[in-house]
Amino acid sequence: MFRNLQEKEVWFITGSQHLYGEETLREVAEHSRIIAQALGENDKIPVKIIFKPILTNPDAIYDICLEANNAKNCIGLIAWMHTFSPAKMWIGGLTILNKPLAHLHTQYNCEIPWSQIDMDFMNTNQSAHGDREFGFICSRMKKARKVIVGFWQEEDVIDRLAAWCRAALAWNDWQGAKFARFGDNMREVAVTEGDKVEAQMKFGYSVNGYALGDLVKYVNSISASQIKELITEYEETYLVQKGLSRDGAQRASLEEAAKLELGMKSFLEAGHFKGFTTNFENLYGLSQLPGLASQRLMAAGYGFGAEGDWKTAALVRAMKVMSYGLKGGTSFMEDYTYHLEEGKMKVLGSHMLEVCPTIAEKKPSLEIHPLSIGGKDDPARLVFDVAAGRGLNATILDLGNRFRLLVNEVDVVSTEYELPNLPVARALWVPQPDLKIGAHAWILAGGAHHTGFSQAVTKEHLEDFSEMAGVEYMLIDKDTRICDFKKELRWNDLYYHLLK
Ligand code: MN
């Protein structure tokens, strides 16, 4: 699911001009090559950094942008103006560039050599004004980009750039991505609906519905030996509840769950899908809600949304790509129930079944229990808690005239009590700045009950991602004040109305 991420490239481009003469340009090129190489060799940067020859005229700039647009593995450009690069030269290239752009505002020399500084030093190290000229034309053209300021070896600069690369990976992953919807939307639910045509135009991924019968064909083609093999994997990976052992009363249900997982997986692989949705109201031909299957497919890298929630499925997939290789997991999530005791307010997040085991604190327990809704057989599921620490919830909404990406940072906390009667995976968190303000702002912004929950993705990843997607981004964090948040909502309404 993540295999081709290793092949992705970010191109490092440097602007200059002929005015400086061959010798200076050679030096500029050498400095750029050194910086590009150092960035590429840094473990935090998740992609290849490709050094490109210095750009000194409009044609070369146009050509590199054209080439970047057409290069399948190129997910974005890092631009740096070591010297002065008159920015009218950049208009043609920036007009056609359709890959994400990061403007690295750095300088090859970290320190001013106080006792030796002369005009040669100043003329070579002049990004302080060269990058301002580039910044002007980007702003004048309203070009979306991330600006990163600081010495290129500084940890903070690497972190900013790594976050941008991760967002670019996820953005690249969405282009042409396919999401399968089994059984359409949960009837009458509003927030999970939306304009799929607009989403495809804006985000690059497509969402199509499939009849349950199409899936049932795949499920029914699974052999007994495949099921046996998968159950062995379950037994090696999880704590398996008593009734599920070889002679257990519920063994048949577990075999059914394994069959479902294998059938769904082969359906998704055959169609090259990156995620899917299910709907417990529409399971015709399936014996149980695919709970364990959805959990394990999410863990394998698929995006998932319950009740037909295709926007969350796509978002979960993007968040999994963004955080690939980082510590902490990402899951489909729902704000389920509250603890409203004064001073200790928190949210218990969960779902009927479908929480991804990448966020499990310890070895999950594989269990089968009745499901109180849906009217099908008792489904299998993994039950676990989530480790305390930082986290966030994110949602994408369709507001009719635009999409909104809404993010709330949260502090995940440990359960103080055993929860012996709760047969689902669960997370406990305190929304920032607290539950009252966090939930208040979330509701004012129209935030969904479904989210992508992550302990690996940061608000920076999502903010960078929103710039690339050209989508409204709203953040609820420790600094959120309701009166300011309300104003931001009103201003954004006006801004996006005018933008049309
Ligand atoms: Mn739900």
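In what follows, the structure referred to is the one given above.
Counting restarts for each chain, with residues numbered from 1 along the sequence as it is written. pLDDT decides what is reported in this predicted model: residues at 70 or higher carry local features, side-chain atom pairs at 80 or more are listed and counted, and totals for whole chains, interfaces and linings draw on all residues regardless. Side-chain measures were taken over the full set of non-hydrogen atoms in the model, leaving aside hydrogen atoms and water.

## Considerations on the overall build of the chain
Secondary structure assignment for the chain yields 15 helices and 19 strands. We compute the radius of gyration over the C-alpha atoms and compare it with the globule rule, which gives 2.2 Å times the number of residues raised to the power 0.38. Taken against the 2.2 N^0.38 rule, which gives 23 Å for 500 residues, the C-alpha radius of gyration of the chain at 25 Å falls within 12% of a compact globule. Its C-alpha atoms give the chain principal-axis dimensions of about 85 × 55 × 45 Å. Accessible area is worked out with a 1.4 Å probe on protein chains only. A residue is then buried under 20% of its type maximum, exposed over 50%, and partly exposed in between. Burial statistics for the chain: of 500 residues in total, 54% are counted as buried. By definition, residues are in contact when any of their heavy atoms lie within 4.5 Å. Put simply, of all contacts in the chain between residues at least 6 apart along the chain, 78% involve residues at least 24 apart. Carbon and sulfur atoms provide 52% of the accessible area of the chain, an area that totals close to 22400 Å². Under the counting rule used here, the positive set is Lys and Arg, the negative set is Asp and Glu, and His together with the chain ends is not counted. We put the charge of a Lys on NZ, of an Arg on CZ, of an Asp on CG and of a Glu on CD. Put simply, the chain has 54 plus and 65 minus side-chain charges, and the middle of one group is 3 Å from the middle of the other. Put simply, DSSP H or I for four residues or longer makes a helix, DSSP E for two residues or longer makes a strand, and each gets a number counted from the N terminus. Surface accessibility follows the Shrake-Rupley procedure with a 1.4 Å probe radius. Residue values consider only the protein chains on display as shielding.

## Some remarks on unusual backbone geometry
Of note, the amide linkage connecting Q432 to P433 takes the cis form, showing an omega dihedral of -5°. You can see P433 is positioned in the loop between β17 (427-431) and α13 (435-444). The phi dihedral of E188 is positive, around 75°, even though this residue is not glycine. Assignment of secondary structure puts E188 in the loop between β6 (178-182) and α7 (196-203). Phi at E307 is positive, roughly 55°, even though this residue is not glycine. For E307, the position within the fold is in the loop between β10 (303-305) and α12 (310-322).

## Some points on the pattern of salt bridges
Basic side-chain nitrogens of Lys or Arg form a salt bridge, by our definition, when they fall within 4 Å of a carboxyl oxygen of Asp or Glu. Throughout the structure, instances matching the rule amount to 27 salt bridges. A salt bridge links R251 to E255, with the nearest nitrogen and oxygen atoms 3.8 Å apart. Of the two residues, R251 and E255 are both situated in helix α10 (residues 251-270); the distance of four residues between them amounts to about one turn of the helix. The exposure class of R251 is buried, given its relative accessible area of 10%. Relative accessible area serves as the criterion here: at 34%, E255 is assigned to the partly exposed category. The salt bridge partner of D479 is K478, with a shortest N-O separation of 3.5 Å.

## Some thoughts on the environment of I117
Considering the arrangement of structural elements, one finds I117 in the loop between β4 (101-105) and α4 (119-124). You can call I117 partly exposed: its relative accessible area is 33%. Residues I117 and Y338 lie 221 residues apart in sequence; the distance between their C-alpha atoms is 63 Å.

## A look at α12
Residues that lie three or four places apart on an α-helix share one face, since the helix turns once every 3.6 residues. Expected helix span is taken as 1.5 Å per residue step, with the number of steps being one fewer than the number of residues. The terminal C-alpha atoms of α12 lie 18 Å apart, and with 13 residues this matches the ideal 18 Å at 1.5 Å per residue to within 8%. Of all the 13 residues making up α12, 13 are buried; the element is thus mostly covered by neighbouring parts of the structure.

## As for the packing of aromatic side chains
Each Phe, Tyr or Trp ring (for Trp, its six-membered ring) is paired with any other whose centre lies within 6.5 Å, and the angle between the two planes then decides the class: stacked below 30 degrees, edge-to-face above 60, tilted in between. By the definition in use, this model includes 25 aromatic pairs. Between F304 and F332 the ring centres are 5.2 Å apart and the planes differ by 90°, which places this aromatic pair in the edge-to-face class. Here F304 is found in strand β10, whereas its partner F332 is found in strand β11 (residues 330-339), with 28 residues between them in sequence. Taking the relative accessible area as the measure of exposure, F304 reaches 0% and is therefore buried. Overall, F332 belongs to the buried group, its relative accessible area being 0%. Both rings, one in Y495 and one in Y496, keep their centres 4.8 Å apart while their planes meet at 90°; by these two values the pair is edge-to-face. For Y495, a relative accessible area of 45% translates into the label partly exposed. Taking relative accessible area as the criterion, Y496 reaches 14% and is therefore assigned buried. Ring-pair connections join several aromatic residues into one group, and the members of that group are W171, W174, F179, F203, Y205, W310, F403 and F465. Throughout this description, the term charge over a ring refers to an Arg CZ or Lys NZ atom that lies within 6 Å of the ring centre and within 35 degrees of the ring normal. The residue whose ring lies beneath K311 is W310, and the NZ or CZ to ring-centre distance is 5.1 Å.

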